[in-house]
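Topology and contacts: notes
What follows is each chain in one-letter form.
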Amino acid sequence: IQPKITQINVLYSEDNHGMAYALTLGDGSFILIDGGNNWEPQHIHLWDVLNEINERPDGKIIIRAWMVTHAHADHTRTLTEFAKTYGAQCELDYLVYNCIAGLSDSFPADLREYMQYFGGNPQVISAHAGQRIALQDSVVEIISTHEDFYPTEITDYNDTSMIFRVHLGGQTAMFVGDAQVLAGNTA
């Protein structure tokens, strides 16, 4: 299977933002990045897209990692609704994130509680700058997290975005979430 990146249309409305990507690995499994908000039925849309682009001969939806750039609702709500609705119908290996709890009340305090809904035995990776995570024929390289700013006070929650690079199929793509000036300069 040819590795590829699919940008998933986020069902935008006035207050619905975010981003969603599905990276198809050589065995047909996926790395998902964020997912968008869920004011609209984005979790249903994500499920439909994954089934449409799925090239695995067995038809299984296998998510090697679900990467969460930061914990704003427009990046996490699809994950939480997807887990409850479709988690038992697919497998998830890892949830990868490094989020500050308590800075915003617009997201679940702990995304780990949603791992119970997925098939398989999902593990949580608290990502840190410099870490490299091998997933099938890809490598995810964590470039920076909010920890890199310490002791600088974070005044824009978007600056808590985890910045990472994915090496896949001889190509490299960088994902920055909603990183602002502090995160961009630090990275």
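The text that follows walks through the structure, step by step, so that each part is easy to find. (Residues numbered from 1 in each chain as written. Predicted model: local features only at pLDDT ≥ 70, side-chain atom pairs only at ≥ 80, totals over all residues. Heavy atoms only, no water.)

1. Here we look at helix α1 (residues 42-53)
Helical periodicity: at 3.6 residues per turn, an α-helix aligns residues three or four positions apart in one direction. Note the threshold: Helix numbers and strand numbers start at the N terminus; a helix is a DSSP run of H or I with at least 4 residues, a strand a run of E with at least 2. Helices are assigned an expected span. That span is 1.5 Å times one less than the residue count. Residue burial is assigned from relative accessible area. The probe radius is 1.4 Å, only protein chains are included, and a residue is buried under 20% of its type maximum, exposed over 50%, and partly exposed in between. Think of the arc as the fan of directions from the helix axis to the C-beta atoms. Contacts are assigned to residue pairs with any non-hydrogen atoms lying within 4.5 Å of each other.
With 12 residues, α1 should cover 16 Å at 1.5 Å per step; its first-to-last C-alpha distance of 16 Å lies within 8% of that length. Listed in full, the buried residues belonging to α1 are Q42, H43, L46, W47, V49, L50 and I53. One side of α1 holds all its buried residues, which, seen down the axis, span an arc of 165°. In this fold, the buried residues of α1 make contact with β1 (4-7), β2 (20-24), β3 (30-34), β4 (62-67) and α2 (73-86).

2. Describing the environment of P3
Mapping P3 onto the fold places it in the segment before β1. Distance from P3 to G170, taken between C-alpha atoms, is 9.3 Å for residues 167 residues apart in sequence.

3. A short note on the packing of α1 against α2
Just so we agree on the cut-off: In this description, a line fitted to the C-alpha atoms serves as the axis of each element, helices being fitted only across the stretch in contact, and the angle between N-to-C directions of two axes falls anywhere from 0 to 180 degrees. Put simply, angles under 35 degrees are roughly parallel, angles over 145 are roughly antiparallel, angles from 65 to 115 are roughly perpendicular, and the rest are oblique. Helix crossings get a hand from a simple test, with the near helix turned counterclockwise from the far one by less than a right angle marking a left-handed crossing and a clockwise turn marking a right-handed one.
Running from N to C, α1 and α2 point in directions that differ by 70°, and their axes come no closer than 8 Å. What the angle tells us is that α1 and α2 run roughly perpendicular. In the crossing of α1 with α2, the sense of the turn from one axis to the other is right-handed. Each of Q42, H43, I44, L46, W47 and L50 in α1 lies in contact with α2, whose residues at this interface are T78, E81, F82, T85 and Y86.

Interpretation note: all reported values are geometric properties and have no functional meaning in isolation.
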